[in-house]
Amino acid sequence: MRPARTYPDRRDGVRLLVIDPRGAAGDDASDVSEARDDARLHDTTVAALPRLLRAGDLLVVNDAATLPASLPGHDAAGHPIEARLLGPPEGALFPAVLLGAGDWRQRTEDRPPPPALAAGAPLAFGDLGAVIVDVGPLSPRQVRLRFDRAGDALWSALYRQGRPVQYSHLAHPLPLWAVQTVFAARPFAVEMPSAGRPLSWEILLALRRRGVRWAALTHAAGLSATGDGAIDAALPLPERYDIPLATVAAVSETRRRGGRVVAVGTTVVRALEGAAAAHGGVLCAGAGVTALRIGPGHRPLIVDGVLSGTHDLPSSHAALLAAFTGPALLGRAVSRAEALAYTTHELGDAMLVLPGAQVAWINSIFCGDSQDAVNYQHVADALSQTAAAAVHPCPGAGRAQLGGAHV
Amino acid sequence: MVLVARHAGPLAETAASIRAAGGDAHAIAADVADLDAAAAIAGQAAALVGPLDILINNASTLGPQPLRLLLDTDCEDLSRALAVNLVGPFRLTKAVAGSMVLRGAGTVVNVSSDAAVEAYPRWGAYGASKAALDHLGRIWAAELEGTGVRVLTVDPGEMDTRMHADAVPDADRTLLADPARVAARIVALLASGAPASGARVAAAALPEVA
């Protein structure tokens with residue numbers, strides 16, 4: 001697919017390929033033909049989302065704001081370098097990867113490597129100084145930095161000197177506001193959690209009127225590429241997440257009542273499935289780190305559907321989607337997206353993998369949009385009342401989980 | 001608490017005095033009229049204290065001084081007043097209120113003026129910008145109804161501030177309110193949970209805080 005080169009006119013105006021891994025009732029389960037797979041694909045726009053989800057479904061978004069993670073600077077000898085933060089700070093230390101000279105017009109993989117720098121080497125980013133504290137196991141370019149100031153002064157300097165990570169396939173550089181979702185909170189992501197970018201409040205409020213609930217978690221979406229072969233082969237690196245208790249409650253209640261948990265983005269899938277995998281299949285609230293790699297054959301424990309950007313094959317993102325579709329259907333979907341001239345990457349079009357979406361799709365075409373909003377609200381209200389009552393402390397470590405998940 | 005103002009020095013002093021009194025205060029030097037400031041302010045603030053519960057749009061400019069008739073007001077001066085008093089708060093609210101809606105709770109306070117309501121000669125740029133801010137607040141409140149996020153407008157009244165001295169140099173200061181006492185009333189108002197979103201409250205009508 002060709003990359004989108006600039007913003008869409010409207011956030012929610014991007015195209016959406018709906019993939020229903022289950023198909024409509026009456027679909028012949030023994031039919032594994034490409035024709036059957038094609039019948040499970042629908043071309044629409046993100047604005048159709050409220051018609052595709054139903055009362056009782058839960059949309060889980062990543063509310064991480066995007067950091068100005070790209071810091072242009074110099075080493076002590078004056079050689080230009082760029083430090084790209086790999087995640088939010090770990091105490092006073094910032095994990096980062098170093099790149100050599102160049103700017104956003106060059107592909108990351110075409111950038112020259114930085115000069116060889118060892119632990120103890122000083123770096124300067126404008127008036128902001130830093131020192132390399134240690135060098136990572138994957139590559140000498142993977143470092144941890146300690147800056148020469150802390151607190152208010154450090155964050156001011158990072159936002160003054162840093163810019164968002166840039167993309168050579170774009171027609172222009174990206175300012176900080178352009179890489180934020182409409183619900184961005186804590187700056188925790190080093191690249192935009194871009195699956196959430198097409199979501200407008202028009203859509204989110206329409207979903208809620210239909211009885212679809214939202215919940216949030218914060219996931220430190222990492223770099224998509226570093227230009228270092230060893231590091232890129234290991235992507236995605238272990239990433240931090242934080243899942244609020246209210247989100248655990250909403251997930252458990254949704255599943256108990258037969259609703260679908262729809263993750264917005266591969267980062268949300270990783271956080272929810274990673275957190276569950278870390279606790280024997282039970283989703284617990286709290287902060288953690290996940291190194292879970294999800295691909296075809298992985299059986300998701302928590303997530304039923306995924307709203308994602310479009311992804312070419314092969315890629316780690318596409319492999320994650322294949323866990324929900326199977327490789328054959330995803331292959332047909334990517335071919336269809338290419339044939340329909342979908343765009344890809346952070347400002348591109350979208351895909352929705354959702355079991356049962358085909359029924360909603362057919363209903364929306366043949367029956368109009370006449371569902372009873374009052375009934376949806378009734379269901380949503382009942383859900384929110386019972387969810388609060390079902391929360392119990394989790395055994396150990398100050399975590400918490402839903403008692404309902406065990407009972 | 002995160003304080004935002006253009007001048008780093010006085011800002012740091014204020015934050016330090018709050019910390020000395022036992023509060024938790026941070027400072028971000030920025031101009032809300034800058035096109036790119038809102039995302040950076042919102043990001044830094046959330047990095048320092050976590051997701052925000054309350055946003056107070058307090059920064060404003062009088063426009064050209066001494067205050068002058070509209071026929072003598074340059075277009076650029078009106079634009080500057082709108083950039084600081086209207087567009088700046090709009091951008092900041094946009095950058096912060098989305099995460100409040102997602103969490104189902106939060107309050108935005110727009111600090112206004114009686115010049116938004118009364119047509120005082122020579123207060124054209126400032127008064128028009130504050131009237132627009134008031135109306136924007138009502139529309140924010142209408143659009144966010146049912147989300148748990150409130151948008152309030154507070155008229156602090158005539159206070160003994162440098163801005164008031166700039167506007168009315170020969171005012172009798174004994175008749176002006178102490179900004180600290182007005183601020184205490186606004187804090188008490190927010191803590192009370194009342195009034196409903198969309199309301200416009202005059203600080204002078206609020207109970208005095210001991």
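Here the structure is a predicted model, which is why all the values come from computation and not from measurement.

**Here's the deal with the nonpolar core**
So, step 1. Formed by 52 residues in total, the largest nonpolar core has its most connected members in L16, L49, L53, L199 and L352 of chain A.
So, step 2. Per-element accounting of this core gives the leading share, six residues, to helix α3 (residues 75–103) of chain B.
So, step 3. Residues in contact with L16 of chain A, not counting those within four places in the same chain, are H42, D43, T44, T45, V46, L49, L52, L307, Y342, A350, M351 and L352 of chain A.
So, step 4. Within the second largest apolar cluster, 45 residues are counted, among which are L128, L176, M192 and L235 of chain A.

**Concerning the pattern of salt bridges**
Oppositely charged side chains can pair when the atoms bearing their charge come close.
All names here are of chain A.
So, step 1. Per the stated rule, a full pass over the model turns up 25 salt bridges over all chains.
So, step 2. Between E239 and R270 there is a salt bridge whose closest N-O contact spans 2.8 Å. Of this pair, E239 sits in strand β14 (residues 239–243) while R270 sits in helix α7 (residues 266–278), and the two are 31 residues apart along the sequence.
So, step 3. Ionic contacts of the salt-bridge type, sharing partners, join the residues E82, R84 and R111 into one network.

**As for the side chain of T343 of chain A**
So, step 1. Tracing the backbone through its elements, the reader meets T343 of chain A in strand β18 (residues 343–344).
So, step 2. The contacts of T343 of chain A, once residues within four sequence positions are left out, are M1, R2, P3, A4, T310, G348 and D349 of chain A.

**Notes on helix α4 (residues 201–209) of chain A**
So, step 1. Every buried residue of α4 of chain A is accounted for by W201, I203, L204, A206 and L207 of chain A.
So, step 2. Two residues or fewer past α4 of chain A, G211 of chain A is found with a positive phi of approximately 95°.

**Considering the sheet that holds strand β5 (residues 149–155) of chain B**
Residues and elements named next belong to chain B.
So, step 1. Spatial strand order, β3-β4-β5-β6: four strands in an open sheet with parallel pairing. With one partner strand each, in any of the chains shown, β3 (54–57) and β6 (200–202) form the two edges of the open sheet. Strand-to-strand, the axes of this sheet are offset by a mean angle of 25°, without reference to chain direction.
So, step 2. Summarising the sheet, β3 and strand β4 (residues 106–111) pair through four bridges and their orientation is parallel. The residue of β4 that forms the bridge with I56 is V109.
So, step 3. Sheet contacts for α3: β3, β4 and β5; angle to β3, the most-contacted strand, approximately 170°.

**Digging into the confidence of the model for chain A**
So, step 1. In the predicted model, chain A carries a mean pLDDT of 88, and 88% of its residues have values of at least 70.
So, step 2. Scored below 50 in pLDDT, residues 370–407 of chain A makes 62 contacts in the model with residues more than four places away or belonging to other chains.

**What to know about the sheet that holds strand β9 (residues 122–125) of chain A**
So, step 1. Pairing is antiparallel in the closed barrel, where six strands are placed in the order β6-β7-β8-β11-β10-β9 (chain A). On average, adjacent strands in this sheet sit at an angle of 45° to one another, irrespective of strand direction.

**Brief notes about the environment of V133 of chain A**
Residue and element names in this part refer to chain A.
So, step 1. Mapped onto the elements, V133 comes out in strand β10 (residues 128–135).
So, step 2. Accessibility expressed as a relative area gives 30% for V133, which makes it partly exposed.
So, step 3. On a C-alpha basis, the gap between V133 and R160 in space is 23 Å, while along the polypeptide they are 27 residues apart.
So, step 4. V133 has contacts with L93, A119, R144, L145 and R146, leaving out every residue within four places of it along the chain.

**A short note on the pairing of strand β19 (residues 350–353) of chain A**
All names here are of chain A.
So, step 1. Both faces of β19 are covered, namely the face carrying A350 and L352 and the face carrying M351 and V353.
So, step 2. Where strand β2 (residues 15–19) and β19 come together, four bridges link them in parallel fashion. Each residue of the ladder has a partner; that of L16, found in β19, is A350.
So, step 3. In this structure, strand β17 (residues 305–309) lies alongside β19, joined through four bridges in antiparallel fashion. Its bridge partner lying in β19, V306 is registered against V353.

**Thoughts on the interface of chain B and chain A**
So, step 1. Of the residues lining the interface, 22 residues belong to chain B; the matching set on chain A comes to 20 residues.
So, step 2. Summed over both partners, the interface of chain B with chain A comes to about 1,700 Å²; 67% of that surface belongs to carbon and sulfur atoms.
So, step 3. The largest share of the area that chain B buries against chain A comes from A39, Q44 and L102 of chain B, three residues that together contribute 32% of it.
So, step 4. Here chain B and chain A share four residue pairs in polar contact (both at pLDDT 80 or more) between them.

The rules behind the values
Residues numbered from 1 in each chain as written. Chains lettered and ligands numbered in written order. Predicted model: local features only at pLDDT ≥ 70, side-chain atom pairs only at ≥ 80, totals over all residues. Heavy atoms only, no water. Core = buried A, V, L, I, M, F, W, Y, C linked by side-chain atoms within 4.5 Å. Buried < 20%, exposed > 50% of the residue type's maximum accessible area, 1.4 Å probe, protein only. Helix = DSSP H or I, 4+ residues; strand = E, 2+ residues; numbered from the N terminus. Contact = heavy atoms within 4.5 Å. Salt bridge = Lys/Arg side-chain N within 4 Å of Asp/Glu carboxyl O. Pairing = 2+ DSSP bridges. Axes fitted to C-alpha atoms, helices over the stretch in contact; angles between N-to-C directions. pLDDT = per-residue confidence, 0-100. Buried area = accessible area lost by both parts, 1.4 Å probe. Polar contact = N/O pair within 3.5 Å; in protein donor to acceptor, adjacent residues only side chain to side chain.

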